[in-house]
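Chain residues, written in single-letter form:
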Protein chains: 2
Amino acid sequence: MGTKYVYLFAEGNAQMRNLLGGKGANLAEMTGLGLPVPRGFTVTTEACTRYYDDGKVISGEIQTEIFEYLAKLEEITGKKFGDLENPLLVSVRSGARASMPGMMDTILNLGLNDEVVVEFAKKTRNERFAYDSYRRFIQMFSDVVMELSKKDFEKIIDALKEKKGVKLDVDLNAEDMKTLVKEFKAYYKEKKGADFPRDPKEQLMEAVKAVFRSWDNPRANVYRRMNDIPYSWGTAVNVQEMVFGNTGDSSGTGVAFTRDPATGEKKLFGEFLMNAQGEDVVAGIRTPQTIDQLRDVMPEVYEQFTRICDTLENHYRDMQDMEFTIEDGKLFMLQTRNGKRTAKSALIIACALVDEGMISEEEALMMIDAKSLDAVLHPQFDAKALKAAQPIGTGLAASPGAACGRVVFTADAAAEWAARGEKVVLVRLETSPEDIEGMNVSQGILTVRGGMTSHAAVVARGMGTCCVSGCGEIEINEEEKEFRLGGKLIKEGDYISLDGSTGKIYAEAVPTVEASITGEFSRVMGWSDKYRKLKVRTNADTPKDAAKAIEFGAEGIGLCRTEHMFFEADRIKAMREMILSETLEQRKVALDKLLPIQRGDFEGIYEAMGGRPVTIRFLDPPLHEFLPSDPDEIKALADEMGVEVSKIENTILSLHEFNPMMGFRGCRLDVKYPEIAEMQTSAIIQAAININKAHPEWNIVPEIMIPLVGEIKEFKFVKNIVVETAGRIIKESGAQLSYHIGTMIEIPRAALTAGAIAEEAEFFSFGSNDLTQMTFGFSRDDAGKFLDYYYNKKIYENDPFAKLDTVGVGKLMKMAVTDGRAARPDIKLGICGEHGGDPSTIAFCHEIGLHYVSCSPFRVPIARLAAAQAAIRARQA
Amino acid sequence: MGTKYVYLFAEGNAQMRNLLGGKGANLAEMTGLGLPVPRGFTVTTEACTRYYDDGKVISGEIQTEIFEYLAKLEEITGKKFGDLENPLLVSVRSGARASMPGMMDTILNLGLNDEVVVEFAKKTRNERFAYDSYRRFIQMFSDVVMELSKKDFEKIIDALKEKKGVKLDVDLNAEDMKTLVKEFKAYYKEKKGADFPRDPKEQLMEAVKAVFRSWDNPRANVYRRMNDIPYSWGTAVNVQEMVFGNTGDSSGTGVAFTRDPATGEKKLFGEFLMNAQGEDVVAGIRTPQTIDQLRDVMPEVYEQFTRICDTLENHYRDMQDMEFTIEDGKLFMLQTRNGKRTAKSALIIACALVDEGMISEEEALMMIDAKSLDAVLHPQFDAKALKAAQPIGTGLAASPGAACGRVVFTADAAAEWAARGEKVVLVRLETSPEDIEGMNVSQGILTVRGGMTSHAAVVARGMGTCCVSGCGEIEINEEEKEFRLGGKLIKEGDYISLDGSTGKIYAEAVPTVEASITGEFSRVMGWSDKYRKLKVRTNADTPKDAAKAIEFGAEGIGLCRTEHMFFEADRIKAMREMILSETLEQRKVALDKLLPIQRGDFEGIYEAMGGRPVTIRFLDPPLHEFLPSDPDEIKALADEMGVEVSKIENTILSLHEFNPMMGFRGCRLDVKYPEIAEMQTSAIIQAAININKAHPEWNIVPEIMIPLVGEIKEFKFVKNIVVETAGRIIKESGAQLSYHIGTMIEIPRAALTAGAIAEEAEFFSFGSNDLTQMTFGFSRDDAGKFLDYYYNKKIYENDPFAKLDTVGVGKLMKMAVTDGRAARPDIKLGICGEHGGDPSTIAFCHEIGLHYVSCSPFRVPIARLAAAQAAIRARQA
């Protein structure tokens, strides 16, 4: 016998989630627990995978097995498909390994046809109910299986209601339902050129196929990508005996949570509707009652239900989200699953379950979605106000949180408006390093161009500021200070709101609520620190960011970018002087101006970090980024510096690059201008000596990081400058100071030659952004042009700039770790790319044995939790 | 005892070249053969390496050993350093493992000082000679060891001659020489602040150090990079008893070749000067006599010399280049080495030596520098005319050969002028694909921007047209049709000449001579084919190129780029229509226009290749390359296509990329627009079917190559389109046709996941240009900004775009070969990057077991020879 593709609920259990899907496994588990579950069977996820492997065909073998289990179900229930005496009606529902709410389709009342419905009406003694069920089935089947528009059927209903002069569905009687059935079937035949299928087995097979197909629909694909669910998993299909909540006043249907999913409070939370089917609850025509009210309506059912809730929560040891139906006074459980919850309530519930002795600390940690912690650290929209608001467009969810403010179009305007107390949202075609100050005072940032790792996105995440990037639909007119989106014209000063967690843009002021960090947050962080092996550092360039990161638990700085320091007004001038220098002497004069400024910056950061380790990276970006591009600004710069405009234009031209990503930057700058490395070394070493004098107990040991190394000799060249300069300064100062020199591993060749580089480098820090770009051969700024097509065609399921590609990029990292360690067993290994804050990447970093991850301050808590989860998972395996 | 750093000539032999350098090993060998060689010893190359490792210091250990061997030399010669009775004078000469003529420095007459010279004068009974020798020594020592300018000493001589009213050095008498010695020493003291060193041992050690130092001088570094000699080799130092060719009329000095190095003719070739030291021959004050005349001047010496020549040629089994000195009628051999020769004579000599039974075919092949074959395939400057010409500037030697013609500044002008019979040189800021036709009719191409793999360079090499690229010193004014270089203003119509093998630019018409392919060339190619294992294919996009390549022995096309076909006037329009299409339908209409054109192209190529395999690569470059950038052209295009200018501008804007190298190109185009892959598949398959009908004996099996693949699913996606389309067309045609589908390996991730890709791909072709760019993380168009600094600082010794980086890029290639073969043992492996024509890369490709290399047509002979050399070398090892 080959693979078994179908399981009765009675054959499965909760451990079989991969095979039976979440819903199927839990139905089986509840069946095993003796709870009242309508009987049924599950077609496995493997059948789904096979369906796709076979070219979207259900093989004869699987069909035979389904019919076999149908026969078993008929035997157990005593009902029969198409039987006129005791017809079996079933629901057909999808159920993937991971919960994908609303992503896939459901069909109810399957098994009805013109003959069966007559008997069904007799048997239920409710003709209206029977025909209503039938017309609902036709409608759902046509929509889900045959891809006819649900709306067209609604139109037929509306026409009938108009004709009869009634307003509500409930005002339609049995005869009307019969009319609808007739008209629905006629419409079906007109559109599909064939009669509505009357054979229940044919209906069933089509429905199963439709569920399989729905695994591949666009919204499922998007949901999977957002939630990191592999396409290869497939969905199971649950075929279950129908129970009806709409047979009369002793029937009903509802959903409930064992705890409040919004607040975490320990009390039953939910709602129900009497005499209704599930979809009526969703439709919202009648207002449902709260679950407490069930106590008054049907006390015994309520008692039974609360007992079941306790049973399930104790059994699953987690808050449960359940669906139930009451048919003629009898309670049936249709689903249970671990309930989705807000980040805040996740923390509260996890702590409560530990306190109740239900779960261990490790289990509590595994229960919390690390990514969701973003929400407790950033402002969010007021939930009610958000419901009422209508987005006018969507961009990329580049930096989480919610923002509301008045639109400005330049960084200067942002600074100006903010200075007079206005809350502003900065809208730009794209941001550049010169915009930093304006970005810093804005509530949120919206850009037309640029991806998840564009300048705006990276800087905003670092600042913890909400950002929506790359909304290409915006037609911006920066001169007129206005933009168009979704048919609206927004002018300077108008209010807009941004949701950095969804990318939605609102043309109105949606009020926000501040983040509130609870005591549970601290407890969970404490547990995380107890179980994790990876250290968590932060990427921070200013004392302010550093302080924020420490507040969030950072244990050091993994990446301090020195270039951002040069953009502020008081220093960009000296930087430009340096770039425009024509001789070594001129350049040294300019660098001498930068030295005290930079030393002061480092002193500030060392102060803020209070003795924690700080990895400082040498100047990295191409020099042209520091020069103005606007003709007026060029003129102003020329005047200020007393040189010809043409000279500056020539320098800009000579620095132009075809592919700046792969150009004259990183340590290449130091190879051409060793005096830059000299100045930066001086600033770092002098700062460390000064701070160590003030705080001998900190014993600061500078970590100097050389970027963009691809060859050991290149590293050694720059290292020599550092060693000579540092040696001289330390000697002159008479102080004692140790320091470390290491490198970024961000060029494939660095990973490939890591063994040689480790002979000289004391630490590696993986620059996974650039390493991803080079390994894939696409630039993050340009990949937007085609990546959507790659997602749609399932070539890539994830943005490799958000989630590390462990197959390709990861292979290089593993090589570098292995070869690096072989050459220098005590080499320090970390990651400082954007991936450093991504939980799945953190798990990979744990696996390959890095010492730390470094991420933007607001991601530090996520990283702490994710690191703990990785350690716990590894220990369990 | 540690390493032995010094060897007497009597201790060494020719096999010890790595340790003793070429000169030292051959002096030892000649000593061993019993030839008259002045006695001496060699300080090894390892001493040089140690000198650099120790921080440019000669360790005590080595100094002691040198002095030990000095003592031995004193014992053997019976002379003594600083001895007043029988003083030892020595020459100190560099001698690296590979010959680097004129690259390093020599010091003669070392051992003289104020006291020794007196006795030396007595002993030689020639006061003038003695003081002349002394002043020469001071001059050389000051120049080479102390870095005082030689010219300043010449000025002192000139002043004395003026004072005395004489013109020639020979007119100065002994007293004058004494005066010069005094003045030289005074000048030395003035400049160096110390007396000229009088201790011969101190002189010796300083001289040895100077030779070591000269290994690192700028011209040596450039020479090494040009000739692929590793910096790590170091140079040896030869210390040899002086013999004097300038003691009187029975003395002399000369150089000779056993065969004519320019023509290969078997007859003694050389010249000599009586009563002279080596430097006098170089100085060119007196005209030397030809070597034949020595027969009349000193018949016995001549006889002895010709016997020695025969001995040496027979012994070394190669043409020898020798230096000799006659001291008082006695012949001394100062050097022998395998003589440098022109490419043409290399072929002739190799064949002659085989015919004479002196060497085997394999040895003949190993004797020829594969790279030099360029010269026999391209026009060269007339040697005499070239000597008289003075270059006005130098660019990159981008495509070999010589060109002479009148300057034009646009491709259109080139076409126009050429049509009326003018020879033109096209001068451009940089070329673009639109310039192809103009480039094709030009004698040579000169660009201001762009590196060795810029558009101009790559296309010119493909065409076999001389090209000098990236001459950044040119100030070009394309509007005024003129440029400035080296102080000259060149206008349209002026003659210039380019040397594509040196990069030199001349502001005059230097006549060229056509390439002449000799019978020896064919013989050598025949032997190459006999011994090589690698197949040699060509990169060709047109029937013309294909025919040329076959003439040069190509066995197939390894890379047929389809994009170049779209730039010609009749097709660029349809291409642009395709790009500007807004719907699938519009795009298909445009593609339908391109289909027959492209099919015709492929038919032409299949015809030209006569059944040899052809690998056709799908469209690769970013689409914006096909759109005009000039506003007038945009306007014209808009008018022609009947669309708004703004529409075209918008399309251009939307196709703009930050890093086009890493953007929307290669198979990414096919993922977004599968219809492009469909059209190209149709064109290829239909062309093959048509040609197979006409020539059933050819049985063409198309090879379709997908570019820029980084992920197996991406490859599979495009492969599916090809398989479906090809299947349909083959079925419709009723013909039988096999075909292969493979991929470029040019993205690091493709190499890292080659095992998976090989499951689907039937062949791999390494696109080493892009693979190098991505692995190093620098773009070839931008690397020029910093690579020179990397060379100067010895971080890189070679241009990784010219010579494959076997350490990093090679590691990826090896992984891909190993993993690819494991997954598909019969996978076909080749390389089609620019490196495919580089001998050292070819050797690597042989080592890792590729099946073929593919290179531009003019490099095919080089590749055939290099492949044979690799095979022979591997068998020998």
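So, here's what we can say about the structure. Just so you know, these numbers come straight off a predicted model, no measurement behind them. By convention here, each chain's residues receive numbers from 1 onward along its written sequence. All chains are assigned letters beginning with A, and all ligands numbers beginning with 1, in the order in which they are written. Only residues with pLDDT of 70 or above have their local features reported here, since the model is predicted, and side-chain atom pairs are shown and tallied only from 80 upward, although totals for entire chains, interfaces and linings are computed over all residues. Think of the side-chain values as coming from all heavy atoms in the structure, minus any hydrogens and water.

### Re the overall build of chain A
Here's step 1: Put simply, DSSP marks the helices as runs of H or I at least four residues long and the strands as runs of E at least two long, and each gets a number from the N terminus on. Across its full length, chain A holds 35 helices and 31 strands.
Here's step 2: C-alpha atoms define the radius of gyration in this analysis, and the globule rule sets the expected value at 2.2 Å times the number of residues to the power 0.38. Over its C-alpha trace chain A gives a radius of gyration of 32 Å, about what one expects of a compact globule, namely 29 Å for 877 residues.
Here's step 3: Seen through its C-alpha atoms, chain A measures out along the principal axes to roughly 100 × 60 × 50 Å.
Here's step 4: Relative accessible area decides the class of each residue, using a 1.4 Å probe on protein chains only: under 20% of the type maximum gives buried, over 50% gives exposed, and in between gives partly exposed. A total of 877 residues make up chain A; the buried ones form 58% of that total.

### Focus: the relation of the copies chain A and chain B
Here's step 1: When the copies are overlaid, the least-squares fit takes in C-alpha atoms only where the residue has pLDDT of at least 70 in both copies. With an axial shift of 0.1 Å and an RMSD of 0.2 Å, the rotation relating chain A to chain B amounts to 179°. Here the copies are linked by what is in effect a two-fold axis. Using C-alpha coordinates, one finds that chain A approaches the rotation axis most closely at A:Asn659, a distance of 2.1 Å.

### Considering the packing of aromatic side chains
Here's step 1: Any two rings among Phe, Tyr and Trp, with Trp reduced to its six-membered ring, count as a pair given centres within 6.5 Å; such a pair is stacked if its planes are under 30 degrees apart, edge-to-face if over 60, and tilted if neither. Applying the stated criterion across every chain, the model contains 58 aromatic pairs over all chains.
Here's step 2: Ring geometry for B:Phe566 against B:Phe626: centres 6.5 Å apart, planes inclined by 70°, an arrangement best described as edge-to-face. In this pair, B:Phe566 is assigned in the loop between strand E25 (557–561) and helix H22 (569–580) and B:Phe626 in the loop between strand E26 (614–617) and helix H24 (631–641), connecting sequence segments 60 residues apart. No difference in accessibility class separates B:Phe566 from B:Phe626, as the two residues are buried.
Here's step 3: Put simply, the rings of A:Phe664, A:Tyr673, B:Phe776, B:Phe778, B:Phe786, B:Tyr790, B:Tyr796 and B:Phe801 touch in pairs and so form one group of aromatic residues.
Here's step 4: Distance and angle both matter: a charge sits over a ring if NZ of Lys or CZ of Arg is within 6 Å of the ring centre and within 35 degrees of the ring normal. For the cation-ring pair, A:Lys72 lies above A:Tyr69, with the distance from its terminal atom to the ring centre recorded as 4.4 Å.
Here's step 5: B:Lys201 extends its terminal NZ or CZ atom over the ring of B:Phe67, reaching a point 4.8 Å from the ring centre.

### Re the sheet that holds strand E28 (residues 740–745) of chain B
All names here are of chain B.
Here's step 1: Note on pairing: two strands pair once DSSP finds at least 2 bridges between them. Strand order in the closed barrel formed by eight strands is E24-E25-E26-E27-E28-E29-E30-E31, and the pairing between neighbours is parallel. Neighbour-to-neighbour, the strand axes of this sheet turn through a mean angle of 25°, independent of strand direction.
Here's step 2: Bridge count for strand E29 (residues 763–766) against strand E30 (residues 828–831) is four bridges, and the pairing is parallel. For phenylalanine 763, the partnering residue across the bridge sits in E30 and is lysine 828.
Here's step 3: In the packing of helix H33 (residues 809–823) onto the sheet, contacts are made with E28, E29 and E30, and the angle to E29 comes to roughly 175°. Axes here mean lines fitted to C-alpha atoms, for a helix over just the part in contact, with angles spanning 0 to 180 degrees between N-to-C directions. Whether two residues are in contact is decided by their heavy atoms: any pair within 4.5 Å suffices.

### Here's the deal with the interface of chain A and chain B
Here's step 1: Across the contact, 52 residues belong to chain A and 52 residues belong to chain B.
Here's step 2: Carbon and sulfur atoms supply 61% of the area buried between chain A and chain B, which totals about 4800 Å² over both sides.
Here's step 3: We define a salt bridge as a contact between a side-chain nitrogen of Lys or Arg and a carboxyl oxygen of Asp or Glu at a distance within 4 Å. Taken together, the links from chain A to chain B amount to six salt bridges.
Here's step 4: Residues A:Glu797 and B:Lys713 are paired through a salt bridge, measuring 3.8 Å at the closest nitrogen-oxygen approach.
Here's step 5: For the purposes of these results, a polar contact is taken to be a pair of N or O atoms within 3.5 Å, where, inside protein, one atom must be able to donate a hydrogen and its partner to accept one; residues adjacent in sequence count only when each atom of the pair is a side-chain atom. Linking chain A to chain B there are 24 residue pairs in polar contact (both at pLDDT 80 or more). A quick way to say it: buried area is the sum, across both parts, of accessible area lost when two parts are put together, with a 1.4 Å probe.

### Regarding the environment of B:Ala47
All names here are of chain B.
Here's step 1: With respect to the secondary-structure elements, alanine 47 resides in helix H2 (residues 45–53).
Here's step 2: Separated by 189 residues in the primary sequence, alanine 47 and alanine 236 place their C-alpha atoms 7.6 Å from one another.
Here's step 3: In this structure alanine 47 touches Tyr5, Ile62 and Phe212, once residues within four positions along its chain are discounted.

### Brief notes about the environment of B:Phe567
All names here are of chain B.
Here's step 1: Mapped onto the fold, phenylalanine 567 is located in the loop between E25 and H22.
Here's step 2: For phenylalanine 567, a relative accessible area of 10% puts it in the buried group.
Here's step 3: Residues phenylalanine 567 and alanine 608, 41 residues apart in the sequence, show an inter-C-alpha distance of 21 Å.
Here's step 4: Discounting chain neighbours no more than four positions away, the residues touching phenylalanine 567 are Pro433, Glu434, Ile572, Glu625 and Phe626.

### Considering helix H6 (residues 150–164) of chain A
An α-helical turn contains 3.6 residues, so any two residues separated by three or four positions project in the same direction.
Residue and element names in this part refer to chain A.
Here's step 1: Helix span, as expected, comes to 1.5 Å for every residue beyond the first. The end-to-end C-alpha separation of H6 is 22 Å, in line with the 21 Å expected for 15 residues at 1.5 Å each.
Here's step 2: All of the buried residues along H6 are Phe153, Ile156, Ile157, Leu160 and Lys161. Relative to the axis of H6, the buried residues are bounded by an arc of 135° and lie together on one face. Opposite the packed face of H6, turned more than 90 degrees from it, sit the exposed residues Lys151, Lys155, Glu162 and Lys163.
Here's step 3: For H6, the N-terminal cap is serine 149; the gap from its side-chain oxygen to the backbone nitrogen of lysine 151 is 3.1 Å.
Here's step 4: Once H6 finishes, glycine 165 follows within two positions and takes phi at roughly 70°, a positive value. Each direction from the helix axis to a C-beta atom contributes to the arc, which is the arc of those directions.

### Comments concerning the environment of B:Arg728
Here's step 1: Along the polypeptide, B:Arg728 turns up in helix H28 (residues 712–733).
Here's step 2: Taking the relative accessible area as the measure of exposure, B:Arg728 reaches 41% and is therefore partly exposed.

### Some remarks on the pattern of salt bridges
All names here are of chain A.
Here's step 1: Counting across every chain of the model gives 122 salt bridges over all chains.
Here's step 2: For lysine 79, the salt bridge identified is with glutamate 241, shortest N-O distance 2.9 Å. Of this pair, lysine 79 sits in the loop between helix H3 (60–77) and strand E3 (90–96) while glutamate 241 is found in strand E5 (residues 235–241), placing the two residues 162 residues apart along the sequence.
Here's step 3: Residue glutamate 127 pairs with lysine 178 through a salt bridge whose shortest N-O separation is 2.7 Å. Residue glutamate 127 is located in helix H5 (residues 127–144), and its partner lysine 178 is located in helix H7 (residues 174–192); the two are separated by 51 residues in the primary sequence.
Here's step 4: A relative accessible area of 24% places lysine 178 in the partly exposed class.
Here's step 5: Salt bridges sharing common partners tie together Asp529, Arg532, Lys535, Glu555 and Arg864.

### Some words on the sheet that holds strand E4 (residues 106–110) of chain B
All names here are of chain B.
Here's step 1: Pairing within the open sheet is antiparallel, and its five strands lie in the order E1-E2-E5-E3-E4. One side of each edge strand has no neighbouring strand; the edge strands of this open sheet are strand E1 (6–8) and E4. Across the sheet, the mean angle separating the axes of adjacent strands is 20° when strand polarity is ignored.
Here's step 2: Of the strand pairs in this sheet, strand E3 (residues 90–96) and E4 are connected by three bridges, and their pairing is antiparallel. Each bridged residue has a counterpart across the sheet, and for valine 90 the counterpart in E4 is leucine 110.

### Let's talk about the side chain of B:Ser528
All names here are of chain B.
Here's step 1: You can see serine 528 is positioned in helix H20 (residues 519–531).
Here's step 2: Its relative accessible area of 0% is what places serine 528 among the buried residues.
Here's step 3: Not counting residues within four places of it along the chain, the set of residues in contact with serine 528 comprises Leu365, Arg864, Leu865 and Ala868.

### What to know about the state of the cysteines
Here's step 1: The disulfide criterion is simple: two cysteine sulfur atoms within 2.5 Å. As enumerated under the stated definition, the model contains zero disulfides over all chains in all.
Here's step 2: In this structure A:Cys845 is a free cysteine whose sulfur lies 11 Å from that of A:Cys855, the closest cysteine sulfur available.
Here's step 3: Under the relative-accessibility criterion, A:Cys845 is labelled buried at 1%.
Here's step 4: Among the cysteines around B:Cys467, which has no disulfide bond, B:Cys466 carries the closest sulfur, lying 7.1 Å off.

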